[in-house]
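Descriptive analysis of the structure
Single-letter residue listing:
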Amino acid sequence: MPKSAKGTRPRAYRDRRGFRKPPSAGAGPWRRTNPIFVIQKHAASHLHYDFRLEADGVLKSWAVPKGPSLDPGDKRLAIEVEDHDLEYADFEGVIAEGRYGAGTVIVWDAGPYRLLAQDEYGAEISVHEALARGRLEVWLEGKKIRGGYVLVRTKMGGNRNWLLIKMRDECAAPDRHPTETEPYSVISGRTVEEVALRQG
Ligand code: MN
């Protein structure tokens with residue numbers, strides 16, 4: 001758990017959970033049946049995208065230097081990093097110099113996700129078990145990114161390295177490059193540059 005994350009959160013942060021609000025009143029606890037994913041664009045010493053999946057009460061996290069692709073032919077390196085608190089999912093702002101992850105963070109995309117993971121007999125398995133097996137398939141319902149993605153552990157460069165790959169489905173779109181064409185936050189509409197200017 002990154003200790004520095006808590007200290008850097010803006011005070012009003014608990015009120016800014018737009019994407020977690022239930023779709024309709026009386027539908028029950030939305031988050032109980034719909035775990036969330038979030039992709040935070042993080043302009044740190046090296047720009048990257050933090051891909052996080054809610055599981056077992058935390059955010060399982062990977063740092064993806066190039067960000068997600070919509071082209072099933074692309075294999076994006078995803079480096080497993082520390083679990084983060086669920087509350088970090090809507091963090092946006094500047095992490096001060098000298099702290100873990102110093103730089104600027106925006107919520108680049110977020111939404112519910114569904115686990116597609118199955119064992120060899122077609123039975124559903126948990127995120128925990130899928131990760132232990134080195135292969136996790138999820139269906140993302142973001143604002144920019146939709147469809148099936150698979151995370152596969154790779155032996156190259158140590159066991160923290162995974163590949164994030166778009167699955168071949170109707171949401172695949174090799175000609176779309178949202179990391180380039182849609183750089184703004186899905187919460188505030190700001191780019192990392194605008195957030196850095198405002199708080200820097
Ligand atoms: Mn990061």
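Before any of the text, the structure's been laid out above.
Here we summarise the structure given alongside this text. In this text, all values refer to a predicted model and were calculated from it rather than measured experimentally. (Residues numbered from 1 in each chain as written. Predicted model: local features only at pLDDT ≥ 70, side-chain atom pairs only at ≥ 80, totals over all residues. Heavy atoms only, no water.)

Under the counting rule described, the total for this entry stands at four aromatic pairs. With a centroid separation of 6.0 Å and 80 degrees between ring planes, the pair formed by W62 and W162 is classed as edge-to-face. Placement of the pair is W62 in strand β3 (residues 58-64) and W162 in strand β9 (residues 161-166), with a sequence separation of 100 residues. Considered together, W62 and W162 belong to a single accessibility category, that of buried residues. (Phe/Tyr/Trp six-rings, centres within 6.5 Å; stacked < 30°, edge-to-face > 60°. Helix = DSSP H or I, 4+ residues; strand = E, 2+ residues; numbered from the N terminus. Buried < 20%, exposed > 50% of the residue type's maximum accessible area, 1.4 Å probe, protein only.)

With that settled, consider the environment of E170. By secondary structure assignment, the location of E170 is in the loop between β9 and α4 (178-181). The spacing of E170 and G147 is 23 residues in sequence and 7.6 Å in space, taken between C-alpha atoms.

The subject of this paragraph is the coordination of the manganese ion. At this site the manganese ion is bound by H42 (ND1), H48 (NE2) and D50 (OD), with donor distances of 2.1 to 2.3 Å. Read from N- to C-terminus, the donor residues coordinating the manganese ion fall into the pattern H-x5-H-x1-D. Each of the two residues, H42 as well as D50, counts as buried. (Donors = N, O, S within 2.8 Å, 3.2 Å for Na, K, Ca; no water.)

Turning next to the side chain of E182. Following the sequence through the fold, E182 ends up in the loop between α4 and α5 (192-199). Here the side chain of E182 touches R176 through a polar contact of 3.2 Å, side chain to side chain. Beyond its immediate stretch of four places on either side in the chain, E182 contacts W108, K144 and R176. (Polar contact = N/O pair within 3.5 Å; in protein donor to acceptor, adjacent residues only side chain to side chain. Contact = heavy atoms within 4.5 Å.)

This next bit is on the environment of Y113. Following the sequence through the fold, Y113 ends up in strand β6 (residues 103-115). Residues Y113 and P35, 78 residues apart in the sequence, show an inter-C-alpha distance of 5.9 Å.

Attention now moves to the pairing of strand β2 (residues 47-55). Where burial is concerned, most of β2 is hidden: eight out of the nine residues are buried. Hairpin connection between strand β1 (residues 36-43) and β2: a loop of three residues separates the two successive antiparallel strands. Sheet analysis places β2 next to β3, joined by seven bridges and oriented antiparallel. Looking at the pairing, R52 lines up with S61 of β3. (Pairing = 2+ DSSP bridges.)

Turning our eyes to something else, we now look at unusual backbone geometry. Notably, D56 is not glycine yet its phi reads approximately 55 degrees, a positive angle. With respect to the secondary-structure elements, D56 resides in the loop between β2 and β3. The class for D56 is exposed, based on a relative accessible area of 61%.

Our focus in this paragraph is the nonpolar core. In terms of nonpolar packing, the biggest core is built from 26 residues, with F51, L53, W62, Y113, L136, L140 and L151 touching the most fellow members. Those elements that place two or more of their residues in this core are β1, β2, β3, β6, α3 (127-133), β7 (135-141), β8 (146-153) and β9. Those residues in contact with L140, other than ones at most four positions away along the chain, are F37, F51, L53, P112, Y113, I145, R146, G147 and Y149. Membership of the second largest hydrophobic core comes to 12 residues, among which are L59, L86, V107 and V186. (Core = buried A, V, L, I, M, F, W, Y, C linked by side-chain atoms within 4.5 Å.)

In this section: the pairing of strand β4 (residues 76-85). Across five bridges, β3 lies against β4 in antiparallel orientation. Opposite W62, over in β4, you have E80 as the bridge partner. Inspection of the sheet shows β4 paired to β9 by four bridges, in the antiparallel sense. Bridging from a neighbouring strand, A78 pairs with W162 of β9.

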